[in-house]
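# Examining the three-dimensional arrangement
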Amino acid sequence: MTKQVQVEICYGWVDLPNKITDEEIDRIKKCSDRIKKQADVFVVIGIGGSYLGAKAVIDIFSSTFSNMQSLNDRKHPEILFAGNNLSGKYLRDLIEYIRDKDVAINVISKSGKTLEPAIAFRILKLFLEEKYGISGAAERIYVTTDKEDGILNKIAKDNEYETFVIPKDVGGRYSVLTPVGLLPMSVANIDFEEILDGATFAEYVYNEKSIEKNDCYKYAAYRNILNKKGKDIEIMASYEPSFAMFTEWFKQLFGESEGKNSKGIFPAGVSLTTDLHSMGQMIQDGKRNIFETVINISRNRSFITLPKVYDDQDGLNYLAGTEIDYINKQAFLGTVQAHVEGLVPCIIINLEEVNEYNIGQLIYFFEKACAISGYILGVNPFDQPGVEAYKNNMMKLLENK
């Protein structure tokens, strides 16, 4: 009975896109406007689902070199992430970097007990209090946590921090379409309402009961069919470097949802064509227990072409005038052909173009496919009992230091 309740309370993500209120959207916008006025740097503190989704979307829609641009060129604070590791060097480097800058932080945790973000929050909270005073720091600390329970909820109330809610019925890895992801997106000038609209459309489309008409269900079924044929590693591939963190989000979503009871398809990721020169050999000729899921962007709007040069010393004039994206597409097609011929099945996810609406659809597509795939596999896709094992051991070691 307890297990059944645990599954039921995690279904909140299913209709989340159209459940968020206009009042909440307006509050997120007003808060992000305030952050943009008060901060040169916005530090998002969280681990796993508390940061991966937001960083994935921000990376997709930001300039590759966004954090190297001036504030005037970027038009929003530099967005950095903390609390996703236990590296002292990382925290030291972060503090040194932000020491002379105006800073605001958003700490994200349902309970406030997870050690990585809790440590980062303590250090950054003290940093802000020393820099701005206790009341001044309170105006620069934003908390995303449980509505009623948890250490972080109590800290936020005691200090009167502005607080956003992680719904009780939404697990961390399904939370990107809550304020967990929406507030950082808004600070980055991303149209998160369009993302929600795309996800709302996906909720409707992928509610189709016929598997023949539902691409989301097809993908979940294909994964499990391939798994039964001995393909127990799935490699997510993209030909755009800006999707690297989206792959990391995908890895957490599926890895934490399916890896239990000695079952699961191991999620991995590559960035192509880069990794064709490192992992390409393994994919092409290694053990035949892998399949690929490739995100293909049909239309790329960069419009950069290869110029023609007089001497043609590099022998590339035969490609002169060709868009770089066209060359990238041929690399994609040639790689898929080679991998399929090498007995690596490929599932292609076609994205017409990169915009907020389509990314909203893509997020919902993978969330629902993950839940369905977990049930096909015979596991509860909403718990993560194995995560507690390392935490328990670590806490015992720390208590006995």
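Here the structure is shown first, and the text comes after it.
Here we summarise the structure given alongside this text. (Residues numbered from 1 in each chain as written. Predicted model: local features only at pLDDT ≥ 70, side-chain atom pairs only at ≥ 80, totals over all residues. Heavy atoms only, no water.)

## Overview of the sheet that holds strand 5 (residues 162-165)
Strand order across the open sheet formed by five strands is 2-1-3-4-5, with parallel pairing between neighbours. Both edges of this open sheet fall to strand 2 (78-82) and strand 5, since each of them pairs with a single strand only. Across the sheet, the axes of successive neighbouring strands diverge by a mean angle of 20 degrees, strand direction being ignored. Bridge count for strand 1 (residues 41-45) against strand 2 is five bridges, and the pairing is parallel. Residue pairing for strand 2: Val-44 is matched across the bridge by Phe-81. Set on the sheet, helix 6 (residues 115-138) makes contact with strand 1, strand 2, strand 3 (103-108) and strand 4 (141-145); between it and strand 3 the angle comes to about 140 degrees. Strands strand 3, strand 4 and strand 5 of the sheet are contacted by helix 7 (residues 151-159), whose axis makes an angle of about 145 degrees with strand 4. (Pairing = 2+ DSSP bridges. Helix = DSSP H or I, 4+ residues; strand = E, 2+ residues; numbered from the N terminus. Axes fitted to C-alpha atoms, helices over the stretch in contact; angles between N-to-C directions. Contact = heavy atoms within 4.5 Å.)

## Details of the sheet that holds strand 7 (residues 266-271)
Strands sit in the order 7-6-8-9 across an open sheet of four strands; the sheet is parallel. Where the open sheet ends on each side, the last strands, each with one partner, are strand 7 and strand 9 (346-353). Ignoring strand direction, the axes of neighbouring strands in this sheet form an average angle of 20 degrees. In this sheet, strand 7 lies alongside strand 6 (residues 233-238) in parallel orientation, the contact comprising six bridges. In the strand pairing of strand 7, Met-236 is matched with Gly-269.

## Comments concerning empty space enclosed by the protein
One pass over the full model with this rule turns up two cavities of 30 Å³ or more. As a volume, the largest cavity reaches approximately 80 Å³. Breaking the lining of the largest cavity down by element, the ones donating at least two residues are strand 8 (290-299) and helix 13 (324-341). When residues in the lining of the largest cavity are grouped by element, the largest group, four residues, is from helix 13. Here the residues of the lining of the largest cavity are counted per class, giving four nonpolar, three polar and three charged. Roughly 30 Å³ of volume is contained in the second largest cavity. In terms of lining residues, the second largest cavity is bounded by Gly-53, Ala-56, Val-57, Val-176, Phe-246, Trp-249 and Ile-363. (1 Å grid on protein atoms, 1.4 Å probe; cavity = no way out; pocket = protein on both sides within 12 Å on 5 of 7 lines; lining within 4 Å. Points joined across faces, edges and corners; volume = space filled by probe spheres on them. Nonpolar A, V, L, I, M, F, W, Y, C, P; charged D, E, K, R; others polar.)

## Overview of the pairing of strand 8
Most of strand 8 is tucked away: eight of the ten residues are buried. Pairing geometry for strand 6 and strand 8, over six bridges, is parallel. The residue of strand 8 that forms the bridge with Ser-238 is Ile-295. Where strand 8 meets strand 9, seven bridges bridge the pair, whose relative direction is parallel. Across the sheet, the residue bridging to Asn-296 is Asn-350, located in strand 9. Traced from strand 8 through helix 13 to strand 9, the parallel crossover comes out right-handed. (Buried < 20%, exposed > 50% of the residue type's maximum accessible area, 1.4 Å probe, protein only. Right-handed = clockwise from strand over helix to strand, strands pointing away.)

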